[in-house]
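# Examination of the molecular architecture
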Amino acid sequence: MIATKWLLGITGGIAAYKAPELVRLLKKQGADVRVVLSQGAKAFVTPMTLQAVSGHPVYSELLDPDFEAAMGHIELARWAEGIVIAPLSANRLAALAHGHADDLLTTLCLASTAPIWVVPAMNQQMWHHPATQANITILKDRGAVVIGPGWGEQACGEIGLGRMSEPQDIVNQLFPMYQPMKEQEANLQGLRILISAGPTREAIDPVRYISNRSSGKMGFALAQAAATLGAQVSLISGPVNLASPHGVERIDVMSANEMYNAVMTKAQDADIFISAAAVADFAVEKALSQKIKKAGATGLQLNLVATPDILAKVAALPKPPFCVGFAAETEQPEQYAKKKLQEKHLDLIAVNDVSREDIGFDVNVNELTVLSQHKTFHIPKNTKYQISLKLLQIIRECYDTKNKIKNS
Ligand code: C5P
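Read on for an overview of the structure.

Moving on, we come to the pattern of salt bridges. Pairing between side chains of opposite charge can happen when their charged atoms approach one another. Counted according to the given criterion, the structure contains 15 salt bridges. Here arginine 24 and glutamate 21 are joined by a salt bridge, their closest N and O atoms 3.0 Å apart. With arginine 24 and glutamate 21 both in helix α1 (residues 19-28) and 3 residues apart, this pair spans about one turn of that helix. Lysine 402 is the salt-bridge partner of aspartate 347, the closest N and O atoms lying 2.9 Å from each other. Of the two residues, aspartate 347 sits in the loop between α13 (333-343) and β17 (348-353) while lysine 402 sits in helix α14 (residues 384-407), which places them 55 residues apart along the sequence. Connected via shared salt-bridge partners are Lys18, Arg163 and Glu166.

Another point: the packing of α1 against helix α2 (residues 47-54). For the pair α1 and α2, interaxial distance at closest approach is 9 Å and the crossing angle is 10°. The angle between α1 and α2 falls in the class roughly parallel. Contact residues: α1 offers Ala19, Pro20, Val23 and Lys27, while α2 offers Thr49, Leu50, Val53 and Ser54. Of the residues contributing to the contact of α1 with α2, the split by class is 5 nonpolar, 2 polar and 1 charged.

About the cut-offs
Numbers given for residues are sequential positions, taken from 1 along each chain in its written order. Residues qualify for local features only when their pLDDT is at least 70, as the model is predicted, and side-chain atom pairs are given and counted only at 80 or more; totals for whole chains, interfaces and linings, by contrast, use all residues. Just so you know, side-chain values use all the structure's heavy atoms and leave hydrogens and water out. Just to be clear on terms, a salt bridge is a Lys or Arg side-chain nitrogen sitting within 4 Å of an Asp or Glu carboxyl oxygen. The way it works is that DSSP assigns letters per residue, a run of H or I at least four long becomes a helix, a run of E at least two long becomes a strand, and they are numbered from the N terminus. All axes are obtained by fitting lines to C-alpha atoms, using only the stretch in contact for helices, and the reported angles, taken between N-to-C directions, cover 0 to 180 degrees. The cut-offs work like this: below 35 degrees is roughly parallel, past 145 is roughly antiparallel, 65 to 115 is roughly perpendicular, and the gaps in between are oblique. Note on definitions: a residue-residue contact is assigned when non-hydrogen atoms from the two residues lie within 4.5 Å. Nonpolar residues are Ala, Val, Leu, Ile, Met, Phe, Trp, Tyr, Cys and Pro. Charged residues are Asp, Glu, Lys and Arg, and all others, Gly as well, are polar.

Now the structure itself:
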C-alpha cells in the first residue's frame with residue numbers, strides 16, 4: 001500500500017458528518033490526511049473529531065498566525081499530492097469555479113498543483129440550478145474529477161440528485177486513479193472490455209416495474225479497476241445510484257431488452273465481456289400504457305415471458321469475446337455455477353453466495369469463487385474494488401492461456 005499525502009477539504013453541509021469516516025477509510029489505504037474545514041463545515045462536524053481521526057491538527061483560518069508559523073498555507077498546498085473536497089457545497093463550488101481565495105480551502109486550491117477531486121452534496125434543486133451546473137462544468141473543464149452526487153432521499157426531505165457519495169465509494173474512486181500500478185496487478189493495456197452492471201427494470205405499467213436487489217457496485221468497481229489497469233472500458237448499466245467510474249464509457253439502459261441491444265452492439269468489438277448485471281429473467285409480456293387501477297380487483301395476473309439470456313447470446317456469437325459470467329446463488333453455489341459455465345459456454349464464472357448477508361447485494365465487500373473448466377480460484381473477502389483487481393488478474397491469465405492455445 002502506498003502512502004499518499006491527501007488534503008481533505010470539508011465544506012458546510014449536513015453530509016459533513018460522513019467526513020470522519022472518509023478520513024478513516026483514507027488512512028486505511030495508507031494515506032496521510034490533513035483536514036481543512038470551511039467556516040460552514042464547523043457547524044456540522046467538530047475540528048476535535050477530525051483531529052482525532054486524522055492524527056493531525058485541523059486547519060480552518062486563512063489568517064492564523066499559529067498555523068502560518070507551523071505549516072503555512074503555501075507549504076500545505078505544496079505538501080498535498082491530492083486534494084479531495086467532500087462534501088462540496090454550492091457556495092464553495094462557486095468560489096472554487098471562479099478562483100476566489102476568500103477562505104483557507106479555496107486559497108489552498110489556488111496555490112496547489114495537486115489534482116482535485118470534488119464530491120458535491122446539496123439540495124437537489126440547488127444541484128440542478130444552471131448556475132451550479134455551469135460551475136461544475138468549469139471545474140471539470142479545468143481537470144477536476146467530480147464524484148457523484150448520488151440520487152436518493154435528502155436531509156431536507158426531498159428526493160433527487162444531490163446526496164454525497166458514500167465514503168467507501170469515494171475512496172474506491174480516489175485510489176485506483178492515484179496509485180501507481182502494482183506489480184502483481186494485471187496489465188490490461190490494449191484490451192477492450194465490455195461490462196454489464198446493475199439490475200434491469202421490466203415495466204408493468206407506466207409507474208410499476210419488476211426489478212431486483214442489485215446495486216451495480218460490483219460491475220462499477222470492475223469497470224473502474226479495468227480502466228485503471230489500462231483497458232478501454234465500456235460499461236452498460238441498468239438503473240443504479242452510482243457515479244460513473246473515471247475514464248469509462250457508460251451507456252445507461254433500463255430493461256433487459258435494452259441491455260441486450262446495447263451489449264450486442266458493443267460485443268462485436270470487445271476482447272472480454274464481463275456480465276455482472278443482474279438481468280431480469282422475465283419481463284411482462286405486454287406492459288400497459290395506462291396505470292392499472294386497483295378499484296374492485298381482488299387480484300392481478302401478469303403474463304411473464306423470458307428475456308434473452310444476454311451472456312449466452314454473446315458467448316454464442318461466431319467470434320465471441322472471452323466471456324465471464326456471475327452466478328448469484330443461495331444454495332450449492334459451486335455446483336450450480338459449474339452447470340451455468342457449461343450450459344452458457346463461458347470461459348469463467350464468478351460465484352457469489354447471496355445467502356450471506358455480509359457480502360454480495362448492495363454492500364461494499366464481496367467474496368468470490370471463480371471457476372473455469374479446469375480450475376477453481378478463491379478470492380477472499382475484501383472491498384469490491386480489491387476483489388475486482390484480483391478477478392481481472394485471473395481473467396487476464398486465463399485470457400492469455402486461451403489465446404496461446406488458439407494460436408498454437
Ligand atoms: O442463469 P443466471 O441468470 O443465474 O446467470 C447469471 C449470469 O448470466 C450473469 O452473468 C448474468 O449477468 C447473465 N445473464 C444475462 N442475461 C439474462 C440472465 C442472466 O446475461 N437474461
